[in-house]
Amino acid sequence: MTLELPIYMDNNATTQMDPRVLDAMLPYFTKVYGNAASRTHRYGWEAEAAVEDAREVLAQFLGAESGKEIVFTSGATESNNLALKGAAEYYKSKGNHIITTVIEHKAVLDSCKRLEKEGFEVTYLPVDPQGRVNPEDVRAAITDKTILVSVMLANNEVGTIQPIKEIGKITREKGVLFHVDAVQGVGKTPFNVQEMNVDLASVTAHKIYGPKGVGLLYVRRKRPRVRLAAQMDGGGHERGNRSGTLNVSSIVGFARAAEIMMAEGAEENIRLISLRERLHRSISERLEEVVLNGHPEHRLSGNLNLSFSFVEGEGLMMAIKDVAVSSGSACTSASLEPSYVLRSMGLDDELAHSSIRFGLGRFNTEEEVDFVADLMVDKVQRLRDMSPLFEMYKSGIDLKSIEWAGH
Amino acid sequence: MAYSDKVIDHYENPRNVGSLQETDESVGTGLVGAPACGDVMRLQIRVSDEGVIEEAKFKTFGCGSAIASSSLATEWIKGKKIEEAEALSNSQIAEELSLPPVKIHCSVLAEDAIKSAIEDFRKKKAAKAALDGEE
Ligand SMILES: Cc1ncc(COP(=O)(O)O)c(C=O)c1O
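Note that this is a predicted model, so its numbers are computed, not measured.

Overview of unusual backbone geometry
- With an omega dihedral of -5°, the bond running from L5 of chain A to P6 of chain A counts as a cis peptide bond.
- By the element assignment, P6 of chain A lies in the segment before strand 1 (7-8).
- Following R223 of chain A, the chain continues into P224 of chain A via a peptide bond in cis, with omega recorded as -10°.
- With a phi close to 70°, Y209 of chain A is a non-glycine residue in the positive phi region.
- Mapped onto the fold, Y209 of chain A is located in the loop between strand 7 (200-204) and strand 8 (215-219).
- Even without being glycine, N16 of chain B reaches a positive phi, approximately 60°.
- If you trace the backbone, N16 of chain B turns up in the loop between helix 1 (5-12) and strand 1 (27-34).

Quick word on the sheet that holds strand 6 (residues 177-181) of chain A
All names here are of chain A.
- Spatial strand order, 2-8-7-6-5-3-4: seven strands in an open sheet with mixed pairing. A strand with exactly one partner marks an edge of an open sheet, and here the two such strands are strand 2 (70-73) and strand 4 (121-125). Taken pair by pair, the neighbouring strands of this sheet meet at an average axis angle of 20°, ignoring direction.
- The strands touched by helix 5 (residues 106-117) within the sheet are strand 3 (97-101), strand 4, strand 5 (146-152) and strand 6, with strand 4 carrying the most contacts at an inclination of about 150°.

Digging into helix 5 (residues 104-134) of chain B
- Spanning 31 residues, helix 5 of chain B covers 45 Å between terminal C-alpha atoms, matching the ideal 45 Å at 1.5 Å per step.
- Buried residues belonging to helix 5 of chain B abut strand 1, strand 2 (39-47), helix 2 (64-77), helix 3 (82-86) and helix 4 (90-96) of chain B.

A word on helix 12 (residues 366-385) of chain A
- Taking 1.5 Å per residue, 20 residues should reach 28 Å; helix 12 of chain A reaches 29 Å between its end C-alpha atoms and fits that length.
- Of all the residues in helix 12 of chain A, the buried ones are E368, V369, V372, A373, L375, M376, V377, V380, L383 and R384 of chain A.

Some points on the domain arrangement of chain A
Residues and elements named next belong to chain A.
- Along its sequence, chain A is carved into domain 1 (7-13 + 265-387) and domain 2 (19-260).
- Between domain 1 and domain 2, the C-alpha centre-to-centre distance is 29 Å.
- At the interface, 26 residues of domain 1 touch 30 residues of domain 2.
- Of all residues in domain 1, the largest losses of buried area upon contact with domain 2 belong to L300, Y340 and R362, amounting jointly to 28% of the total for that side.
- Run the count over domain 1 and domain 2 and you get zero salt bridges.
- Where domain 1 packs against domain 2, one counts 13 residue pairs in polar contact (both at pLDDT 80 or more).
- Contributions of two or more residues to the side of domain 1 that touches domain 2 are made by helix 8 (248-284), strand 10 (303-308) and helix 10 (340-344).
- By residue class, the composition of the side of domain 1 that touches domain 2 is eight nonpolar, 14 polar and four charged.

Conventions and cut-offs
Residues numbered from 1 in each chain as written. Chains lettered and ligands numbered in written order. Predicted model: local features only at pLDDT ≥ 70, side-chain atom pairs only at ≥ 80, totals over all residues. Heavy atoms only, no water. Helix = DSSP H or I, 4+ residues; strand = E, 2+ residues; numbered from the N terminus. Pairing = 2+ DSSP bridges. Axes fitted to C-alpha atoms, helices over the stretch in contact; angles between N-to-C directions. Contact = heavy atoms within 4.5 Å. Expected span 1.5 Å × (residues − 1). Buried < 20%, exposed > 50% of the residue type's maximum accessible area, 1.4 Å probe, protein only. Domains from an automatic or database assignment. Buried area = accessible area lost by both parts, 1.4 Å probe. Salt bridge = Lys/Arg side-chain N within 4 Å of Asp/Glu carboxyl O. Polar contact = N/O pair within 3.5 Å; in protein donor to acceptor, adjacent residues only side chain to side chain. Nonpolar A, V, L, I, M, F, W, Y, C, P; charged D, E, K, R; others polar.

Structure follows, in structure tokens:
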């Protein structure tokens with residue numbers, strides 16, 4: 001098989017849609033195009049039936065009791081906003097305290113920031129150097145004012161999987177609601193809202209080979225029944241939780257993507273772990289001073305985040321322009337700050353600038369992995385030959401002993 | 001972000017990568033930036049008795065624009081008198097490479113690197129002159 005360039009290895013950012021998902025969606029653009037809220041004709045009924053079927057599939061995907069617990073949204077950014085702001089507003093008479101972690105997605109962190117401006121108090125729990133939250137920290141942070149705990153299933157940058165089951169035990173015991181941003185982990189690591197005592201969960205289709213612009217919020221209906229204040233006013237769709245005409249074709253695609261995950265995910269994850277380990281091994285056997293960011297075991301199947309010391313991430317990505325990856329380097333962000341996730345894990349800024357995230361997915365092959373490993377070794381060596389830091393390291397100078405001017 | 005053709009050219013075929021003997025009297029070394037900020041440039045010059053930059057070398061830890069800025073800087077100062085090299089400004093580098101606003105700091109760093117190498121050379125020369133005077 002010949003290798004085709006460019007190679008996509010940024011599956012934590014988004015995924016290629018599975019062609020089977022596209023096939024499932026197509027009839028809903030030109031044939032079954034009714035508004036699922038139209039009660040007066042067949043077009044509407046058929047669209048509604050498709051949405052209800054999708055709800056059941058997605059409920060099963062999450063281990064939920066019923067499709068009634070699924071609220072469709074435009075994606076996980078909206079789901080996270082709805083979960084945090086909706087619960088905060090609804091339960092504010094019970095308390096004003098929310099607990100989350102420093103490495104959540106911006107959709108959670110910035111929702112929390114806004115809530116702080118409105119008078120809520122937020123505790124941002126730290127993580128260990130591998131990016132894990134200690135469940136006992138969650139327990140210790142809960143007060144009689146706490147209404148909600150929000151912890152992600154797996155981190156988008158470093159792939160660290162959180163002890164959701166342990167945290168769910170604590171929140172249930174304390175009678176506090178538990179929201180999980182399950183975007184990165186669902187389908188890739190065990191997740192079950194019943195077994196893990198999760199009350200609210202955000203999912204998006206485009207990270208599981210489905211379409212962009214559709215997501216869901218799981219909202220528990222029993223033991224306890226969770227209520228939300230809607231953040232989008234309008235026709236009262238989704239049981240009043242989220243107004244707006246449903247994106248039927250995308251919802252159908254979302255469910256098809258989940259179905260494929262349920263059928264093939266277990267096997268796929270074994271394959272992805274083996275590809276990931278192959279990539280890691282092949283690079284680190286040939287290059288010194290390569291640091292693994294995140295947890296070696298509690299890790300998303302397809303995620304490999306490495307820091308290539310003495311080489312800057314954006315400069316490195318320019319050298320591998322035929323491979324789509326991402327970096328925690330400041331240069332890739334508008335803020336010129338390196339990744340807050342890597343920083344929160346206690347990584348030196350210098351190593352954060354040198355980080356590259358490889359996101360392996362369903363459509364990556366062993367040939368691609370071997371090609372990328374060879375390319376990385378070659379380009380890192382080339383850039384190290386141009387790096388004053390590597391020269392200093394090689395001549396035994398401790399880079400920390402130098403007084404850098406900074407800017 | 002899209003890079004200009006000139007940035008890509010300097011990045012892919014960097015001019016004057018390397019090192020000069022730091023302890024050599026005719027060599028001035030500038031080391032600017034910080035690893036924690038994501039870019040470090042080391043620029044070195046060898047200056048003739050007539051005050052002409054005969055050789056310029058660099059090594060850079062940084063993004064493509066930082067590498068291109070330092071590569072261009074060495075190319076421009078080679079063969080110039082140190083006074084001429086000193087007059088080179090970051091905006092000339094930024095303009096030549098069509099750097100976008102977020103990358104202007106790369107050209108600033110290159111200007112700093114030139115100035116700092118010249119300063120180092122002058123300090124060395126002054127120290128030597130003082131020493132020679134004592135003898
Ligand atoms: C952990 C996490 N949460 C939320 C989101 C936002 O999802 P969406 O792109 O559907 O808005 C993403 C992806 O970008 C993510 O990785």
